[in-house]
Amino acid sequence: MSLDSKVPKGPIADKWTNHKNKINLVNPANKRLIDVIVVGTGLAGGSAAATLAELGYNVKAFCFQDSPRRAHSIAAQGGINAAKNYQGDGDSNYRLFYDTVKGGDYRSREANVYRLAEVSANIIDQCVAQGVPFAREYGGLLDNRSFGGVLVSRTFYAAGQTGQQLLLGAYSAMNRQIGRGKIKMYNRHEMLDVVIVGGKARGIITRNLVTGEIERHSAHAVVLGSGGYGNVFFLSTNAMGSNVTAAWKAHKRGAYFANPCYTQIHPTCIPVTGDHQSKLTLMSESLRNDGRIWVPKNIEDVKAIREGRLKPTEIAEENRDYYLERRYPAFGNLVPRDVASRAAKERCDAGYGVNATGEAVYLDFASAITRYGKEQAHVKGLDESDAALVKKLGQEVIKTKYGNLFQMYEKIVDQNPYETPMMIYPAVHYTMGGLWVDYNLQTTVPGLYAIGEANFSDHGANRLGASALMQGLADGYFVLPYTIGDYLSHDIRTGPISTDSKEFEEAEKNVRDSIDFFINNEGKHSVDYFHKKLGKIMWNKVGMARNVKGLTEAISEIKALREEFWKEVRVPGTADEFNEELAKAGRVADFLELGELFAKDALHREESCGGHFREDFVEESGEQKGEAKRDDENFAYVAAWEYKGQPSEAQLHKEQLEFNDIELKQRSYK
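Residues numbered from 1 in each chain as written. Predicted model: local features only at pLDDT ≥ 70, side-chain atom pairs only at ≥ 80, totals over all residues. Heavy atoms only, no water.

### Focus on the sheet that holds strand β1 (residues 35-39)
Across the sheet, which stays open at both edges, the 5 strands sit in the order β5-β2-β1-β9-β17 with parallel pairing between neighbours. On the outer flanks of this sheet lie β5 (183-186) and β17 (448-450), each paired with one strand and no other. The sheet shows a mean angle of 20 degrees between the axes of neighbouring strands, taken without regard to direction. As judged from the 5 bridges shared by β1 and strand β2 (residues 58-62), these two strands associate in the parallel manner. Opposite I37, over in β2, you have K60 as the bridge partner. (Pairing = 2+ DSSP bridges. Helix = DSSP H or I, 4+ residues; strand = E, 2+ residues; numbered from the N terminus. Axes fitted to C-alpha atoms, helices over the stretch in contact; angles between N-to-C directions.)

If you want it as structure tokens, here you go:
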């Protein structure tokens, strides 16, 4: 099967408008005859469900949480990008488009990214109308701040809880439709298979996580907004429940999985402290606006800090290495996440890590506190030379901007970041890979759509900060509701989809057989035993830096671990009750397959780009020495994998990327 991206012809600035003008529509009376399933109720799924219902479709929405408000989108902190140019600093649709393609190291589809930039301003207007409490400037206009990889301020934010506020907006829109009866909400239901009838996605099989009941649900189309797969690493910033199961089941039913090796390592996370941890905590990238990242210049100071003989505040400015400012003067602490993460790893690998494990650097706000304090003292006509006053005033400004983040850090680490630098280290955060979709967000299975982090389309090899919320809401509010109509226009005479068919029976039987196996298998190890082992293989050999030896070993080790899992996993309890171990078993089984494909994809891509860093493909000389070395001649394509029974047998399909509006060149942030 050849990949057809269905990208419209014509100038890039006109593609989306012309496409909307020409695609088929469904009239309001006929929308009432059509059912759509939406899996996942985060920003992508929630906004899609609300909008489709508002248009008149009958929507069935599913989430495994007890409420859509629990979706992992709630954890997003720093902000959402939009090209409104409120700051008057030169932003535009093209600039946002360019920054996104460049930030993704030229591995994203141009047409999708331009559309994302084009609709970004509409998202802000939509969310303001919903009552999202964005931060505002003194004049009442919405405020903006900067994020990594850009030279303008385009990130809209609501303190350090932007994701939560945006999700409440989508949730309120959903609730309106639930109240009208246009959305039927299924909380505590997990999708365990996609049902294909006549070559089209016509429903799903779910398990009621409270009662254990297996259910069939039919529709004319299925939309997956089920998030990313970062928990394949076990330790990540994702919620514990986040998983790949919905996307992976779709993959096994014929949906190609694209670029699984493109995973983002976020540079500002609270460091790992030991094997007792089940997840990691993100400190928003917005902190890099005012926080300066450094390690001691002298190894003796590092040793003294680790041994508790020296405090970071006692190290003089001249003995600090602000390594991002040193290496990347143009962008400084606001380089993209992949660049900042590798730079932190390089310093820690060289022995300059500042915590007991040697895997932490400092994020310091002392300079910002002083700067803001002096500014406030000047505004108020107070003594700018009064250090105590300046510090007090500066801390008040920082508290206003980042207070909840500082509070969260202090609760977890038991250190006051107003008085001592934060300690941070890179951790798995976001996945740029996902189900392959065309310009209409449809997978290779007709009638099956993937939106938000569940698809691969917009971020290339590295996502710019504050673009996840932008993509999720763009897909759900402004893209999918148009494009899905083109497909559904052929279903206005189809009538209700019956669940009494051999396809539904077969899919349900597969789900029941899998559950029966887990409940009855008399193994000796828990699900977490295998998940942790997988996570260590992934982090050590498929993590921030990769090489042929490690990737080859990872593929072999994951395969062996998967075989052991199916022999030795033990799931307590029964199938007809609330049984989180049973739910986890199915999710980890899927991670064990994804992990091998992930490593296979990383091994085949013999280049470094964005979050995919191969130690054997780096610039060896010149200004870019040590940086990622792309191979545009041989690898400027999307790697879309077709399921063939085992991850090792997956077949590679290539979507060649075309760059007509942006010149391909080596990234530089110096």
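### Comments concerning the sheet that holds strand β16 (residues 434-435)
Taken together, 4 strands build an open sheet; the order of strands is β16-β10-β18-β19 and the sheet is antiparallel. On the outer flanks of this sheet lie β16 and β19 (651-656), each paired with one strand and no other. In this sheet, strand β18 (residues 637-642) lies alongside strand β10 (residues 257-258) in antiparallel orientation, the contact comprising 2 bridges. By the bridge assignment for β18, A258 is matched with A640.

### A short note on the environment of I398
Here I398 lies in helix α12 (residues 387-413). Sequence separation between I398 and D290 is 108 residues, and the spatial gap between their C-alpha atoms is 8.7 Å. Those residues within four positions of I398 in sequence are excluded, and the remaining contacts are F365, A368, I369, Y372, G403, F406 and Y418. (Contact = heavy atoms within 4.5 Å.)

### Observations regarding the side chain of H189
Structurally, H189 can be placed in strand β6 (residues 189-197). A relative accessible area of 8% places H189 in the buried class. At 2.7 Å, the side chain of H189 and the backbone oxygen of N187 are in polar contact. Excluding its chain neighbours within four sequence positions, the residues that come into contact with H189 are F62, C63, F64, T206, R207, N208 and E215. (Buried < 20%, exposed > 50% of the residue type's maximum accessible area, 1.4 Å probe, protein only. Polar contact = N/O pair within 3.5 Å; in protein donor to acceptor, adjacent residues only side chain to side chain.)

### Concerning the packing of aromatic side chains
Each aromatic ring pair is described using two quantities: the centre-to-centre distance and the angle formed by the ring planes. Across all of its chains, the model carries 30 aromatic pairs by this definition. Ring geometry for F517 and F518: centres 5.6 Å apart, planes at 65 degrees, overall edge-to-face. Each ring, one from F565 and one from W566, has its centre 5.3 Å from the other, and the planes form 85 degrees; the classification is edge-to-face. Ring-pair connections join several aromatic residues into one group, and the members of that group are Y229, F233, W248, F257, W539 and F598. In this arrangement the basic side chain of R145 is found over the ring face of Y157, its NZ or CZ atom lying 3.7 Å from the centre. One cation-aromatic arrangement involves R587 over F64; the distance from NZ or CZ to the ring centre is 5.0 Å. (Phe/Tyr/Trp six-rings, centres within 6.5 Å; stacked < 30°, edge-to-face > 60°. Lys NZ or Arg CZ within 6 Å of the ring centre and 35° of its normal.)

### Quick word on the pairing of strand β8 (residues 214-218)
Of all 5 residues in β8, 4 are buried; the element is thus mostly enclosed. Note: strand β7 (residues 200-208) against β8, 5 bridges, orientation antiparallel. For I205, the partnering residue across the bridge sits in β8 and is R216. Where β7 folds back onto β8 in an antiparallel hairpin, the turn is made up of 5 residues, including G212, whose phi is positive at roughly 85 degrees.

### Section: unusual backbone geometry
Here Y106, not a glycine, exhibits a phi torsion of approximately 60 degrees, which is positive. Residue placement: Y106 occurs in the loop between α4 (93-103) and α5 (110-130). Unusually for a residue other than glycine, D414 sits at a positive phi of about 65 degrees. Positionally, D414 belongs in the loop between α12 and β15 (422-431). On the basis of relative accessibility, which here comes to 68%, the residue D414 falls in the exposed class.

### A short note on α5
Across its 21 residues, α5 extends 30 Å between first and last C-alpha, which sits within 8% of the 30 Å expected from 1.5 Å per residue. Along α5, the helix axis deviates most sharply at V119, where the bend reaches about 35 degrees. Most of α5 is tucked away: 15 of the 21 residues are buried. (Expected span 1.5 Å × (residues − 1). Bend = angle between axes of the 7 residues up to and from the residue.)

### Remarks on the environment of E522
In this fold, E522 is placed in the loop between α14 (502-520) and α15 (527-542). The exposure class of E522 is exposed, given its relative accessible area of 77%. C-alpha of E522 to C-alpha of G42: the two residues are 480 residues apart in sequence and 36 Å apart in space.

### Quick word on the environment of N85
Counting through the fold element by element, N85 comes out in the loop between β3 (80-81) and α4. For the pair formed by N85 and A121, sequence separation is 36 residues and the distance between their alpha carbons is 9.6 Å. Beyond its immediate stretch of four places on either side in the chain, N85 contacts G90 and D91. Among the polar contacts listed, one links the side chain of N85 to the backbone nitrogen of G90, at a separation of 3.3 Å. One polar contact links the side chain of N85 to the main-chain amide nitrogen of D91, over a distance of 3.1 Å.

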